[in-house]
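Next come the chains, spelled out residue by residue.
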Amino acid sequence: MATYYYRALDAAGRWQEGSRQAQTDKAVARDLQAGGLVPVYVGLSPAVSGAHAGSWLGSLFGSAEATAGGRGGMVRRRAMTQDRLLFTQELATLLNAGVPVDRALSICTELTENKAFQQVIADLLRQVRAGKSLAEALEAQGKVFSKLYVNMVRAGQSTGTLAVIFQRLAELEAAAAEWRSQLISALIYPALLTAVAIASVIVLMNVVVPRFAQVFESTGLPIPLPTYLLLETSRLLESYGWIVLLAVIVAGISFRRYLRTPQGRERWDRFLLRLPLVGELLRRVETARFARTMSTLVAGNVPLVQSLGLARDIIGNSVMAAALDRVAQGVKRGEGIAAPIRQSGVFPPLAAHLLMVGEETGRLDSVFERLANIYDRETQVAVRRLTALFEPAVILGMGLVVGTIVLSLLLAITSINEVPF
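Basis of the calculations
- Residues numbered from 1 in each chain as written.
- Predicted model: local features only at pLDDT ≥ 70, side-chain atom pairs only at ≥ 80, totals over all residues.
- Heavy atoms only, no water.
- Helix = DSSP H or I, 4+ residues; strand = E, 2+ residues; numbered from the N terminus.
- Buried < 20%, exposed > 50% of the residue type's maximum accessible area, 1.4 Å probe, protein only.
- Contact = heavy atoms within 4.5 Å.
- Areas by Shrake-Rupley, 256 points an atom, 1.4 Å probe, with all protein chains shown as cover.
- Phe/Tyr/Trp six-rings, centres within 6.5 Å; stacked < 30°, edge-to-face > 60°.
- Salt bridge = Lys/Arg side-chain N within 4 Å of Asp/Glu carboxyl O.
- 1 Å grid on protein atoms, 1.4 Å probe; cavity = no way out; pocket = protein on both sides within 12 Å on 5 of 7 lines; lining within 4 Å.
- Points joined across faces, edges and corners; volume = space filled by probe spheres on them.
- Axes fitted to C-alpha atoms, helices over the stretch in contact; angles between N-to-C directions.
- Parallel < 35°, antiparallel > 145°, perpendicular 65-115°, else oblique.
- Left-handed = near helix turned anticlockwise from the far one by under 90°.
- Nonpolar A, V, L, I, M, F, W, Y, C, P; charged D, E, K, R; others polar.
- Patch = residues over 30% accessible without salt bridge, like charges linked within 9 Å, V, L, I, M, F, W, Y side chains within 5 Å.
- Arc of directions from axis to C-beta.

1. What about the overall build of the chain?
Next up, step 1: Tallying secondary structure elements over the chain gives 16 helices and three strands in all.
Next up, step 2: Every one of the 421 residues in the chain was classed for burial, and the buried ones make up 42%.
Next up, step 3: Expressed as a percentage of contacts within the chain between residues at least 6 apart in sequence, the contacts between residues at least 24 apart total 63%.
Next up, step 4: When the accessible surface of the chain is split by element, carbon and sulfur atoms take 61% of a total near 22100 Å².

Okay, structure coming up:
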């Protein structure tokens with residue numbers, strides 16, 4: 001037997017340090033977990049204490065180190081979503097097997113193939129061994145880990161359920177990755193059709209039509225009105241096309257800046273929600289994301305008001321995010337969550353009905369999960385339906401534009417053939 005030194009967190013979030021005799025470090029970790037502690041470091045030498053070793057609550061008051069700048073910030077920005085998903089799944093598996101946090105992070109460093117994300121995990125390991133809690137170390141990574149991710153880990157540390165929390169986070173990350181994959185797959189073909197349509201029109205208007213105009217003008221014959229309009233459009237694009245392109249770029253930049261203002265973003269998001277098909281799709285997407293997040297938070301014993309605040313940060317639509325503020329106020333007033341959700345008017349009616357059942361049965365976490373599954377399926381159906389409508393619309397639009405150009409040219413050719421010689 002050997003003497004292993006350990007550092008662990010108790011249920012109140014306080015650090016516990018000491019040493020134990022055991023055969024392996026895994027045995028020490030299992031003993032600590034059985035005693036309601038979360039092992040952070042188990043090794044043959046004492047852990048180095050850091051400035052924040054007294055309490056993980058220090059990060060709540062801005063005491064975490066700022067490490068997002070310089071080369072480290074660039075490394076963090078390069079970390080991929082897929083790498084974070086794999087890291088979360090691996091860490092959940094290791095923690096459920098009783099491996100201490102520092103040992104699990106060390107193993108994850110070896111398993112990760114992405115060099116940039118390896119540096120992120122190595123930095124996590126360094127900070128944990130220096131005495132910081134895992135939540136503090138995650139928070140110090142900047143935008144690599146979301147506020148939701150960090151707060152879930154913080155809740156797991158305070159309740160001694162870190163392994164369970166990482167399992168829930170892995171499920172949440174996997175669901176988000178699957179949704180992004182499905183959306184990208186659904187949009188690839190329509191995007192290719194749109195690109196081909198635009199390229200075809202550009203080639204016709206800048207190459208084919210100008211050459212045809214030279215041939216037709218050399219005949220000295222009167223030009224039919226459709227052909228005349230087509231030729232004039234081609235000349236305008238050839239002479240002032242750069243102005244049109246510049247105007248489009250300026251308009252795009254101006255619109256993007258307008259969207260960055262609270263008023264502009266709110267108006268645009270409200271407009272999107274009112275669009276046929278698109279608005280309903282966005283509503284389902286945001287509801288599924290909100291429900292999935294709330295299921296994870298509530299199951300992790302995060303207070304309901306705090307959960308709503310965290311869920312608000314992951315909602316992409318500002319109108320629906322603002323509605324969650326009103327829902328949180330209703331919860332504070334003791335109205336529950338179902339009634340404020342219904343009164344908000346931006347979430348589907350089914351959400352309020354199911355949440356009412358969850359409040360009555362005391363199983364809000366399972367109801368939120370069921371709600372997320374329902375709207376995930378409905379979102380997939382809505383995306384397929386929208387894609388099925390968009391593809392023929394692009395083909396029809398391209399056919400009309402190209403057909404108009406070709407018919408205008410054919411009309412001119414026909415008029416030449418009708419001239420008596």
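After that view, the rundown keeps rolling.
2. Considerations on the packing of aromatic side chains
Next up, step 1: In the structure shown here, the tally under the stated rule is nine aromatic pairs.
Next up, step 2: Each member of the aromatic cluster is reached from another via a ring pair, and the members are Phe-87, Phe-117, Phe-145, Tyr-149 and Phe-166.

3. Considering the pattern of salt bridges
Next up, step 1: Evaluation of the coordinates by the stated rule reveals 14 salt bridges.
Next up, step 2: Of the charged contacts in the structure, one is a salt bridge between Asp-123 and Arg-126, with a shortest N-O distance of 2.6 Å. A residue pair is termed a helical-turn pair when its members lie 3 or 4 positions apart in one helix, as Asp-123 and Arg-126 do in helix 5 (residues 115-129) at three residues.
Next up, step 3: Under the relative-accessibility criterion, Arg-126 is labelled partly exposed at 46%.
Next up, step 4: The salt bridge involving Glu-286 is made with Arg-289; its shortest N-O contact spans 3.6 Å. Taken together, the residues Glu-286 and Arg-289, both in helix 11 (residues 278-299) and three residues apart, mark about one turn of the helix.
Next up, step 5: Among the residues examined, Glu-286 registers a relative accessible area of 7% and is labelled buried.

4. Concerning the layout of surface pockets
Next up, step 1: Computed from the structure, the largest pocket encloses a volume of approximately 900 Å³.
Next up, step 2: Together, 37 residues line the largest pocket, and Ala-176, Trp-179, Arg-180, Val-285 and Arg-289 are the ones closest to its centre.
Next up, step 3: Here the lining of the largest pocket gets eleven residues from one element, more than from any other, and that element is helix 8 (residues 162-217).

5. Examining the packing of helix 3 (residues 81-96) against helix 8
Next up, step 1: Contact geometry for helix 3 and helix 8: axes closest at 8 Å, N-to-C directions at 150°. Here helix 3 is positioned roughly antiparallel relative to helix 8, judged by the angle of their axes. Where helix 3 crosses over helix 8, the handedness of that crossing is left-handed. Between helix 3, through Thr-81, Arg-84, Leu-85, Thr-88, Gln-89, Leu-91, Ala-92, Leu-95 and Asn-96, and helix 8, the contact on the second element is made entirely by Leu-162, Ala-163, Phe-166, Gln-167, Leu-169, Ala-170, Glu-173, Ala-174, Ala-177 and Arg-180.
Next up, step 2: When the residues that make up the contact of helix 3 with helix 8 are grouped by side-chain class, the tally is eleven nonpolar, five polar and three charged.

6. Quick notes on a nonpolar patch on the surface
Next up, step 1: There is a patch of nonpolar side chains on the surface, built from Leu-236, Tyr-240, Trp-242, Ile-243, Leu-246 and Val-250 and spanning about 630 Å² of accessible area.
Next up, step 2: Its location among the elements puts Leu-236 in helix 9 (residues 225-260).

7. Focus on helix 4 (residues 101-111)
Owing to its 3.6 residues per turn, the α-helix aligns residues three or four sequence positions apart on the same side.
Next up, step 1: Every buried residue belonging to helix 4 is among Val-101, Asp-102, Ala-104, Leu-105, Cys-108 and Thr-109, and all of these are buried. Buried residues of helix 4 fall within an arc of 160° about the axis and therefore sit on the same side.

8. Notes on the environment of Ile-165
Next up, step 1: Mapped onto the fold, Ile-165 is located in helix 8.
Next up, step 2: In this structure Ile-165 comes out as buried when scored by relative accessible area, which is 2%.
Next up, step 3: Sequence separation between Ile-165 and Gly-300 is 135 residues, and the spatial gap between their C-alpha atoms is 6.3 Å.
Next up, step 4: Among residues more than four places away in sequence, those in contact with Ile-165 are Met-152, Val-153, Gly-156 and Gly-300.

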